[in-house]
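# Topology and contacts: notes
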Amino acid sequence: MPAGAAVYEVGGAVRDALLGLAVRDRDWVVVGSTPDAMRAAGFLPVGRDFPVFLHPATHEEYALARSERKTGPGYHGFAFHAAPDVTLEQDLARRDLTINAIARRDDGTLVDPHGGRRDLAARVLRHVSPAFAEDPVRILRLARFAARFSDFAIAPETLSLMRAMVEAGEVDALVPERVWQELARGLLEARPSRMFEVLQGSGALQRLLPELAVLRAGPGTARDAWAGLMAVLDAAAGLGAPITVRYACLGHALGVSALHEIGERLRVPNDCRELAQVVAREHDAVDRCGELDASGLLRLLERCDALRKPQRFAELLQACECAARAGPATSDRPYAPAARLLAALGVAQEVDTAQVAAQAAARGATGPAIGDAIHAARVAAIGAARLPR
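A brief structural summary. Along each chain, residue indices are assigned from 1 in the same order as the chain's sequence is written. Under the rules for a predicted model, residues below a pLDDT of 70 receive no local features and side-chain atom pairs below 80 are neither given nor counted, while totals for whole chains, interfaces and linings still include all residues. To get the side-chain values, all heavy atoms of the structure are used, and hydrogens and water are removed first.

### Considerations on the packing of helix α17 (residues 336-350) against helix α19 (residues 368-384)
The angle between the axes and the distance between the axes are what describe a pair of packed helices. For the pair α17 and α19, the least separation of the axes is 9 Å and the interaxial angle reads 130 degrees. It follows from the interaxial angle that α17 and α19 lie oblique. Along this stretch, α17 crosses α19, giving a crossing that reads as right-handed. Where α17 approaches α19, its residues Ala344, Val347 and Ala348 are matched on the opposing element by Arg378, Ala381 and Ile382. Of the residues assigned to the contact of α17 with α19, the class counts are five nonpolar, no polar and one charged. Angles here are taken between N-to-C directions and fall from 0 to 180 degrees, while the axes themselves are lines fitted to C-alpha atoms, restricted in helices to the stretch in contact. In this text, helices come from DSSP runs of H or I with a minimum length of four residues, and strands from runs of E with a minimum of two, each type numbered from the N-terminal end. Roughly parallel here means an angle under 35 degrees, roughly antiparallel means over 145, roughly perpendicular means 65 to 115, and every remaining angle is called oblique. It is the rotation of the near helix from the far one that decides the hand of a crossing: anticlockwise by less than a right angle makes it left-handed, clockwise makes it right-handed. Residue contacts follow a heavy-atom distance rule, with two residues in contact if any of their heavy atoms lie within 4.5 Å. For this scheme, ten residues count as nonpolar: Ala, Val, Leu, Ile, Met, Phe, Trp, Tyr, Cys and Pro. Four count as charged, namely Asp, Glu, Lys and Arg, and the remainder, Gly too, count as polar.

### Focus: the pairing of strand β5 (residues 61-64)
Here strand β2 (residues 27-31) runs beside β5; their pairing, made up of four bridges, is parallel. The residue of β5 that forms the bridge with Val29 is Ala63. Should DSSP find at least two bridges between two strands, the strands are taken to pair. Bridge analysis of strand β4 (residues 52-54) against β5 gives three bridges, and the strand direction is antiparallel. Among the inter-strand pairings, Leu54 is bridged to a residue of β5, identified as Glu61. Following β4, the chain reverses through six residues before pairing antiparallel with β5; His59 in that reversal takes a positive phi of roughly 65 degrees.

### Side note on the packing of aromatic side chains
Aromatic pairing here means that ring centres of Phe, Tyr or Trp (its six-membered ring) are within 6.5 Å. Orientation follows from the plane angle: under 30 degrees is stacked, over 60 is edge-to-face, and everything else is tilted. Counted according to the given criterion, the structure contains five aromatic pairs. Between Phe43 and Tyr62, the ring centres sit 5.3 Å apart and the planes meet at 65 degrees, which makes this aromatic pair edge-to-face. On the criterion of sequence distance, the pair formed by Phe43 in the loop between α2 (35-40) and β3 (44-45) and Tyr62 in strand β5 is long-range, its members being 19 residues apart. Under the scheme applied here, a residue whose accessible area is under 20% of the maximum for its type counts as buried, over 50% as exposed, and between as partly exposed, the area being computed with a 1.4 Å probe on protein chains only. On the basis of relative accessible area, Phe43 is assigned to the buried category, the value being 4%.

### A word on helix α12 (residues 243-251)
Within α12, eight of the nine residues are buried, which leaves the element mostly enclosed by the surrounding structure. Three or more residues of α12 are buried, namely Thr244, Val245, Arg246, Tyr247, Ala248, Cys249, Leu250 and Gly251.

### Focus on the layout of surface pockets
The volume enclosed by the largest pocket comes to roughly 1900 Å³. Here a cavity is any set of points on a 1 Å grid over the protein atoms alone where a 1.4 Å probe fits but cannot get out, and a pocket is any open set with protein on both sides within 12 Å along at least 5 of 7 lines; a residue lines the site when it has an atom within 4 Å of a point. Forming the boundary of the largest pocket are 46 residues, of which Asp27, Arg141, Arg144, Arg178 and Arg185 lie nearest the centre. Here the element with the most residues in the lining of the largest pocket is helix α5 (residues 137-148); it accounts for six residues. Looking at the lining of the largest pocket residue by residue, the classes come out as 18 nonpolar, six polar and 22 charged. Grid points are joined across faces, edges and corners, and a volume is the space filled by probe spheres set on the points.

### Section: the nonpolar core
Generally speaking, soluble globular proteins have nonpolar side chains that are buried together. With 92 residues, the main nonpolar core has Phe196, Leu199, Tyr247 and Leu316 as its most contacted residues. Residues belong to one nonpolar core when they are buried, are Ala, Val, Leu, Ile, Met, Phe, Trp, Tyr or Cys, and are joined through side-chain atoms within 4.5 Å. Listed in part, the 10 residues of the second largest apolar core include Tyr8, Leu88, Leu92 and Ala103.

### Quick look at the environment of Ser202
Along the chain, the position of Ser202 falls in helix α8 (residues 192-202). When its relative accessible area of 3% is taken as the criterion, Ser202 is described as buried. For Ser202 and Ser160, which are 42 residues apart along the polypeptide, the C-alpha to C-alpha distance reads 7.7 Å. Every residue in contact with Ser202, bar those within four places of it in the chain, is listed here: Ile139, Leu159, Met162, Arg163 and Val166.

### Quick word on the state of the cysteines
Two cysteine sulfurs form a disulfide in these notes if their separation is within 2.5 Å. With the rule as written, the count across this model stands at zero disulfides. Take Cys289: it sits in no disulfide, and the sulfur closest to it among the cysteines is that of Cys320, at 9.4 Å. Its relative accessible area of 1% is what places Cys289 among the buried residues. Cys304 takes part in no disulfide bond, and the closest cysteine sulfur, belonging to Cys320, lies 7.9 Å away.

Just geometry here; none of it tells us what the structure is for.
Pasting the structure below:
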């Protein structure tokens, strides 16, 4: 560490340790140093917008203490000042929530100028200062923290500030990639429904995901659909589903057209888009697959591209299972359609397509006729199998 510099552990690591949670990533603030001094001490610079360095041995992030000033709308509208005269208190003052604005010295003592420990004890998410309103990403971050710490309330003054930010148009300046990044993180939290409730309560949901907001603000049947959708999301979290499945759960009740609009607007990754589209289109048929004969089962497998993409099909089934588990009457029951369809897929995969094609060709079949012969062989195999009901 450069001579004369003071180092403090900050942010989520301090917060989680105080909550008795496992600490995964540690972040550090360096007070009284310069970029040149950090590089001379062996630290590797990685920050693009402000000086952040990786420790040469631990590879943990060390950022020079900095202050910031709003220069324009949106997430990028800031000017940063990082210099040896920036104090720890100035650095903590620019942070979003009081529970994230606690620092720890080497001797274990805490620096807590904004009452973060008090709010941890009271289970409250509260903004540090009016500067919270200068960065619209903080609305998304707070909603994500609400999904992680689901027993924390939002301070009334903080919710009022978020609403004022939305009304001022700050959310409209967010770039799609950052919106998706925060939404994806929130979907992976323990109670993702809470994120969407907070976004709705602040007014941000209408700006970012109007397709969802219309459910929450609609008449009784729409609100029932909203409640059901939120239960599906939390069921996905309970199953530890990956982001592809959780996004598919989010979109399964919205329809293919709405999912296309969301995917384009937020630049959702292709794997999430594709699974969500198939789930939205086929989840009813999956639920009713017990009514299908062998031909119908194979057609369903083909529509889902299960023979070429069995892993994605397994994720589709998990998304459908989440929807089934969201209902109190079915939450503890095994999801029968998954067993039936996976068994049918296994039977179809065991068909020796090369042999079937060769036999069809020997009979004079060509082109599509060979494909029809393979299809018929798979239907026959599925029909002869004893599939779970």
